[in-house]
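Structural description and commentary
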Amino acid sequence: MNHDDLRKWSKRAADWAHGYHAGLRERPVRAQAQPGATAARLPATAPEAPEPMERVMADFEAIVPDAMTHWQHPRFFAYFPSNAAPASMLAEQLANAMAAQCMLWQTSPAATEIEQVMIGWLRDALGLPEGFTGTIHDSATTATLSAVLTMRERALDWAGNAAGLSGQPRLRLYASDQVHSSIDKAARIAGLGQDNLVKVPTDADLSMDPEALEAAIAADRAAGHLPIGVILCVGGTSVGASDRLAPCIAVARREGLTTHVDAAWAGTAMICPEFRDIWDGVAQADSVVFNPHKWLGVQFDCSVQFLADPAAQLRTLGLRPDYLQTLDADTAITDFNEWTIPLGRRFRALKLWFVLRAYGLEGLRTRIRNHVAWSSELAERIGGMEALEIVTPPALSLFTFAHRDGDAMSEDLLKRINDDGRVYLTQTRHAGRFAIRVQIGQFDCTREDVMTVAEVLEDLLVGSDRA
Ligand code: PLP
């Protein structure tokens, strides 16, 4: 296959993509595949001779789409969304065509500078302070790991990078029990150890209790441990819990600790000023991550980390060996690899640029506002069903419900919902109870798509004692 063939097949792929998206509502949302079924359809070894692209494409169509869960399906209400607006897909096609490795300004001046401008656009759109700068990572997991490594090095006066952690006191990191597992992963990978991620108790609002944070830090200092920082969440994954940032950050600051806010999902909603009360105090944070690749429409992967001052992160992650230096750099340039963990970087800013321009902030806000309103309407409808009850009310567009007759009934109901295929929901456990999660956030969903959840529930509960 050469570039002339690529032209032909790209057109075929674009036509296929159009048909795929147009037909999504006819497909079950979640893959109905059995484990091992796809692998069984592939040969055990790679072909020795080239195969015609007709055959490769035919196999793709025959094997792949039916064995995929359709994340762009308008009735995908599971996990969090991973939206891919058409403008984002177009930008990815162009970035793919150039296939640039954007590790240095010199290797990708336009990518670097568009990234800088996009960080500014998003900072302003989210209402963050003008002084914040930032970068794009592959994932919130990587952004959080970068922040935790920076906390560690700052607390150790950069001795960890130089000499390792042996002989150092126990390093302690603080977060509530509502944070995503990526925080646990960061504590493990940064060499702190899971046991040194202190899960601070939450109050009735599921926010970290600032007094409990203060007490935990004091107890650790008294025991000779070294507190390094505090992770706060806005829109936690399980039920959308948010820490009260202002008082928690105030405690951290009094203690000389830096803070990182994980708003991976909910951050997108901050483009709507009326929702910003859930992150009141964010202007005082040192680091904030949000994922345009969740709710904004900029497809995976694209995670933005804002930094009040990038110097400590650059000192932690940045290395500049001879072979990465830019000769004759007579003006200030930014080499974004020094802000992040991997050296290699994709041109992720292009899809942000396309999405922000193609839909405009107002177009994106309208979507978010619709999702939040439809989520409330749906929760009310489900709360009115005799067999069901709301476990946690909508946090933005995420709520949970359960069967009144207990976990086994809830679990069975969820299985039947997903076997039905019209919608896709997932589960969590809240206060020890199995709860079915509903998040509304798919880029192309309509009110009718959202209300299909209620219709499916009504159909499945017909005939049950409590219908
Ligand atoms: N933080 C929160 C609140 C999340 O919900 C998730 C994923 O859903 C993550 C972090 C991890 O995101 P990523 O897949 O970008 O690492």
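Please refer to the structure placed before this passage.
Everything in this summary refers to the structure shown in the same document. (Residues numbered from 1 in each chain as written. Predicted model: local features only at pLDDT ≥ 70, side-chain atom pairs only at ≥ 80, totals over all residues. Heavy atoms only, no water.)

Digging into the environment of L398
Within the secondary structure, L398 sits in strand β9 (residues 398-403). Measuring from C-alpha to C-alpha, the distance between L398 and W374 comes to 11 Å, with 24 residues separating the pair along the chain. Ignoring any residue separated from it by four or fewer positions in sequence, one finds L398 in contact with F80, G236, T237, S238, V239, G240, W265, S375, P393, R437, V438 and Q439. (Helix = DSSP H or I, 4+ residues; strand = E, 2+ residues; numbered from the N terminus. Contact = heavy atoms within 4.5 Å.)

What about the pattern of salt bridges?
Throughout the structure, instances matching the rule amount to 32 salt bridges. Residues D301 and R346 are paired through a salt bridge, measuring 2.7 Å at the closest nitrogen-oxygen approach. Note that D301 is positioned in the loop between α11 (292-296) and β7 (303-307) and R346 in the loop between α12 (311-317) and α13 (349-383), a separation of 45 residues in sequence. Take D301: its relative accessible area is 10%, and that puts it in the buried class. Between D301 and K351 there is a salt bridge whose closest N-O contact spans 3.8 Å. On the criterion of sequence distance, the pair formed by D301 in the loop between α11 and β7 and K351 in helix α13 is long-range, its members being 50 residues apart. One exposure class covers both D301 and K351, and it is buried. (Salt bridge = Lys/Arg side-chain N within 4 Å of Asp/Glu carboxyl O. Buried < 20%, exposed > 50% of the residue type's maximum accessible area, 1.4 Å probe, protein only.)

Comments concerning the sheet that holds strand β8 (residues 388-395)
One open sheet accounts for four strands, arranged β8-β9-β11-β10; its pairing is antiparallel. The strands lining the two open edges of the sheet, one partner per strand, are β8 and β10 (426-430). Averaged over all adjacent pairs, the angle separating strand axes in this sheet is 35°, with direction ignored. Pairing of β9 with strand β11 (residues 433-439), which is carried by four bridges, proceeds in the antiparallel orientation. Looking at β11, one finds that T400 is bridged to R437. On the sheet, α13 packs against β8, β9 and β11 and is oriented at approximately 165° with respect to β8. The strands touched by helix α14 (residues 407-420) within the sheet are β8, β9, β10 and β11, with β11 carrying the most contacts at an inclination of about 30°. (Pairing = 2+ DSSP bridges. Axes fitted to C-alpha atoms, helices over the stretch in contact; angles between N-to-C directions.)

Observations concerning the pairing of strand β3 (residues 197-200)
Of the pairings in the sheet, the one linking strand β2 (residues 171-176) to β3 comprises four bridges and is parallel in character. Bridge pairing in β3 places A175 opposite K199. One crossover worth recording links β2 to the parallel β3 by way of helix α8 (residues 181-189), and it is right-handed. (Right-handed = clockwise from strand over helix to strand, strands pointing away.)

Section: helix α6 (residues 140-155)
The end-to-end C-alpha distance of α6 is 22 Å, a good match for the 22 Å that 16 residues give at a rise of 1.5 Å each. Within α6, 13 of the 16 residues are buried, leaving the element largely enclosed by the surrounding structure. Looking at the residues trailing α6, positive phi occurs at D157, about 55°. (Expected span 1.5 Å × (residues − 1).)

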